[in-house]
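Each chain, written out:
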Amino acid sequence: MAQVHSHSEVLLLNKFSFCNFPGKLLQRKRSCSFTRNDAVLPNHRRVQSSSPVALKVAVADDVKKSSNDTEDHICDGIESDVLPHIQTLRRFPKVELAGKVALVRFDSTILLNQELDPRSRSVFSALFTIKYLLEFGAKVILASDWSNKINSNVLSAEYVADVFSSALKYQVVTVKSLSYKISLDVGAFKKTDILLLENLSEFKEEVANCSKFAQLLSSGVDIFVNDSFSLSHKILASTVGVARFCYACVAGFHFEESLFQLRKMAKLDEKPYAAIIGGGNLCNKAAALHFLASRCDGLIFVGLMSFQIMHALGLPVPPELVEKGANDAASDLIQFARDKNITILYPKDFWCTKIHHPNQVEIFPSHGIPDGWEPVDIGPRSVEEITSTITKCKKVIWVGPVKFRFSSQYSNGASKLTGMLCKVSQGTCNVTVIGSMACKAIAKVSSSIFGLNMVESSSAVWEFLKGRMLPGVSALDRAFPFDIDWSAAYHDPAQPLVVDIGSGNGLFLLGMARKRKDLNFLGLELVTHCRDSLQLSGITNGYFIATNATSTFRSIVASYPGKLILVSIQCPNPDFNRPEHRWRMVQRSLVEAVSDLLVHDGKVFLQSDIEEVMLRMKQQFLEYGKGKLVLVQDECDTKTNQGGWLGENSFGVRSDWEQHVIDRGAPMYRLMLSKPSCVK
């Protein structure tokens, strides 16, 4: 059997452009956040026997090499909620995968394509997501939709299972739990490590994002891995709905790479920057074209949209090629580009075919296409002008097909343009190709595609360019996108750390920082205005970060150089603790992170003025703490509340809400948990 991680796969993975950003206090990630975690690769049931491969070493090498890339993750001018920083499988703790069940939503347009290209970065990264999970001990459930439009041979789940068995060198077994509306029997994993669900296109509940269907999909699942970026602009049960029922929701390697290409495309780091725009439907893409005009130095139209530009400029265009209602949108775009001194190019000539004699092909100027002829490709003069422009650029994106509604074997404008892009990509020009047709065109003319950035889903990219949120991205867990310079945050970053989750206005943390100079204090809050107070007070052992600690706690605290000795969660908003609320504060992922990172004999302090909230937090910490946390009984405290709650705040410093509750004579419910030194 071929090794799971061959030398060529290492080379290809190392070309992934996972980017970083240099700075002082908050720096872009330069390595995996979970360096404290390690894993021994287990043996798995395989189609053929083979010794385990040290996949984790290759991944670590990739992360180290990618740290040399100083690309900025943030898209200039794009709001973070449009493309938020999400948790990825690459940054997820490897030790947390062992024994877990992972649902992988794969992209059938990539992995079930009839012309599966082994050179394709998309194919490799999509398969690597599955291999990575298996090598670190996870059980995998595969889910997707497919049709014979993708591959004429794809008719049944059994056929798809055979395709995956061959590609992965693991046995893949089909299950039919969805048709019978029954939860998946995890006992099926006794026979194999990979299960394949039925074709999701056969279930109307999938496109309706039916909650019950999503719950059925995620039955028995611990971790959801979305690796179908091409569907990220849609709201589906298998990409959005399942996120409500899995304790961790992360992006696979292919999904992460596609997101990186979006951020990279929106950056203004390399000039001149040109966009080659094919395809049609200018009206629907007007907002996206304005965005590109605001980033690029030139827009080069090569598809059906070029006729709308020509029509708006007053040039003669065959009536059948004029898009209804597009003239105003095209005129607005032209004026916008003129105001910003942006060049707009359109084809000056076309290869045309006679409508009733398709084998008859001639070249005509763009403003002089005779009746009875139809354009099929850009002409040689157009190719020459575009080539002259592109060769001067440092950055180029190509989105949409070059050819028109019909093509001809006698024309070669598109192939010449494709070859030119491949050539400039081998030099100093950064080329990104978007859309399945464009990517296939590149693959046909180039024996090496490693110098190109390729995103096969144009639909998701167009939605992003319009400034719209991608539901498939928003459904995943958030991640903190910065490395923290702890030396800039604290006077002595080696001191033991206390983390207050949900700091509010920071009074508790500030009071503790003044009282205990020998400790460092970190406040994590969704929205914090405490930094000014911190600077004015002159405190050098306190720091605040605005973040959703539920999903970013591990990535932040794991990089701290000292020991984590105490975590406090005080008076969380009860609305955020309803079990059905996706973003409630205390979730399994947070509890597991706390129990993992807490030093031996470290403590967890919980308090609330609502007993129901405290009971739920207590249950979650004891249930998800992996047996590492035990309740602490304060033998010195005789003033205990009914139910065994601690009667006093032993820190001697109260939060503002705690003081408010006590002033009105209401009870506070408190408890302390400890991580005994005898626990591993």
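Owing to the predicted nature of the structure, the values given are computational and were not obtained by experimental measurement. (Residues numbered from 1 in each chain as written. Predicted model: local features only at pLDDT ≥ 70, side-chain atom pairs only at ≥ 80, totals over all residues. Heavy atoms only, no water.)

> Help me understand the pattern of salt bridges, please; the structure alone is not making it clear to me.
Any two side chains of opposite charge can pair, so long as their charged atoms come close to each other. Taken as a whole, this structure holds 21 salt bridges when the rule is applied. Glu96 is paired through a salt bridge with Lys626; the nearest N and O atoms lie 2.5 Å apart. With a gap of 530 residues between them, Glu96 in the loop between α2 (55-66) and β2 (101-105) and Lys626 in the loop between α22 (611-624) and β23 (630-631) connect regions that are remote in the sequence. One network of salt bridges, with partners in common, ties together Glu96, Lys100, Arg554, Asp596, Lys626 and Lys628. (Salt bridge = Lys/Arg side-chain N within 4 Å of Asp/Glu carboxyl O. Helix = DSSP H or I, 4+ residues; strand = E, 2+ residues; numbered from the N terminus.)

> Hey, could you run me through the side chain of Ser382 in this one?
Within the secondary structure, Ser382 is located in helix α12 (residues 380-390). Excluding its chain neighbours within four sequence positions, the residues that come into contact with Ser382 are Pro347, Lys348 and Asp349. (Contact = heavy atoms within 4.5 Å.)

> Help me understand the pairing of strand β18 (residues 497-501) in this model?
Residues in a regular strand point their side chains to alternate faces of the sheet. Of all the 5 residues making up β18, 5 are buried; the element is thus mostly covered by neighbouring parts of the structure. Relative to strand β19 (residues 520-525), β18 runs parallel, the two sharing 5 bridges. The residue of β19 that forms the bridge with Val499 is Leu522. Crossover connection from β18 via helix α18 (residues 507-515) to parallel β19: handedness right-handed. In this sheet, strand β21 (residues 564-570) lies alongside β18 in parallel orientation, the contact comprising 5 bridges. When the sheet's bridge partners are listed, Ile501 is paired in β21 with Ile569. (Buried < 20%, exposed > 50% of the residue type's maximum accessible area, 1.4 Å probe, protein only. Pairing = 2+ DSSP bridges. Right-handed = clockwise from strand over helix to strand, strands pointing away.)

> Can you help me understand the packing of aromatic side chains in this one?
Any aromatic ring pair is given by two values, namely how distant the centres are and how the planes are angled relative to each other. Tallied over the full model, the rule gives 17 aromatic pairs. With centroids separated by 4.8 Å and ring planes inclined at 75°, the aromatic side chains of Phe106 and Phe164 adopt a geometry described as edge-to-face. Here Phe106 is found in the loop between β2 and α3 (108-111), whereas its partner Phe164 is found in helix α5 (residues 157-168), with 58 residues between them in sequence. Of the residues examined, Phe106 reaches a relative accessible area of 2% and is grouped as buried. Feature note: the residues Phe124, Phe128, Tyr132, Phe136 and Phe253 constitute an aromatic cluster, connected by ring pairs. (Phe/Tyr/Trp six-rings, centres within 6.5 Å; stacked < 30°, edge-to-face > 60°.)

> What should I look at first to understand the sheet that holds strand β4 (residues 172-174) in this one?
Within a sheet, adjacent strands bond to each other through the backbone by hydrogen bonds, running parallel or antiparallel. Judged by pairing direction, the sheet is parallel, and its 6 strands sit side by side in the order β4-β5-β3-β2-β6-β7 without closing on themselves. In this open sheet, the two strands that pair with only one neighbour each are β4 and β7 (248-251). For this sheet, the mean inter-axis angle between neighbouring strands, taken without regard to orientation, is 25°. Inspection of the sheet shows strand β3 (residues 139-143) paired to strand β5 (residues 194-196) by 3 bridges, in the parallel sense. Of the residues in β5, the one forming a bridge with Val140 is Ile194. Helix-sheet contacts for helix α4 (residues 121-135) involve β2, β3, β5 and β6 (223-226), and the interaxial angle to β3 is about 155°. (Axes fitted to C-alpha atoms, helices over the stretch in contact; angles between N-to-C directions.)

> Please explain the pairing of strand β12 (residues 357-365) as it appears in this structure.
As paired strands, strand β11 (residues 349-354) and β12 are joined by 6 bridges and run antiparallel to one another. Across the sheet, the residue bridging to Phe350 is Phe364, located in β12. Following β11, the chain reverses through 2 residues before pairing antiparallel with β12.

> Looking at this structure, I do not really get the environment of Pro667. What am I missing?
Tracing the sequence through the fold places Pro667 in the loop between α23 (656-663) and β24 (669-674). With a relative accessible area of 40%, Pro667 lands in the partly exposed category. Along the primary structure Pro667 and Gly647 are separated by 20 residues, whereas in three dimensions their C-alpha atoms are 9.0 Å apart. Setting aside anything within four residues of it in sequence, one finds Pro667 in contact with Asp609 and Val661.

> Could you clarify how one ought to interpret the sheet that holds strand β9 (residues 298-301) in this entry?
Taken together, the 6 strands give an open sheet; going across it, the order is β10-β9-β8-β14-β15-β16, and neighbouring strands pair in parallel fashion. Every other strand in the sheet has two partners, leaving β10 (343-345) and β16 (452-455) as the edge strands with one partner each. Sheet twist, expressed as the mean angle between neighbouring strand axes with direction ignored, is 15°. The sheet contact formed by strand β15 (residues 430-434) and β16 spans 4 bridges and is parallel. Across the sheet, the residue bridging to Val431 is Leu452, located in β16. Here α12 sits on the sheet in contact with β8 (273-277), β9, β10 and β14 (395-399), set at roughly 155° to β9.

> How do you make sense of the nonpolar core when you look at a structure like this?
Nonpolar side chains in soluble globular proteins tend to be buried together. Core analysis: the biggest nonpolar cluster contains 68 residues, and Leu262, Met265, Ile277, Leu299, Phe464 and Leu465 have the highest contact counts within it. With 40 residues, the next largest nonpolar core counts Phe482, Tyr543, Ile545 and Val604 among its residues. (Core = buried A, V, L, I, M, F, W, Y, C linked by side-chain atoms within 4.5 Å.)

> Hey, could you run me through the environment of Gly298 in this one?
With respect to the secondary-structure elements, Gly298 resides in strand β9. In this structure Gly298 touches Tyr273, Ala274, Ala275, Ile342 and Thr343, once residues within four positions along its chain are discounted.

> Hey, could you run me through the state of the cysteines in this one?
Covalent bonding between the sulfur atoms of two cysteines defines a disulfide. For the coordinates displayed, the defined rule picks out 0 disulfides. Cys393 carries a free sulfur, and the closest cysteine sulfur to it, the one in Cys429, is 6.2 Å from it. Judged by relative accessible area, Cys393 falls into the buried class, the value being 7%. (Disulfide = S-S within 2.5 Å.)

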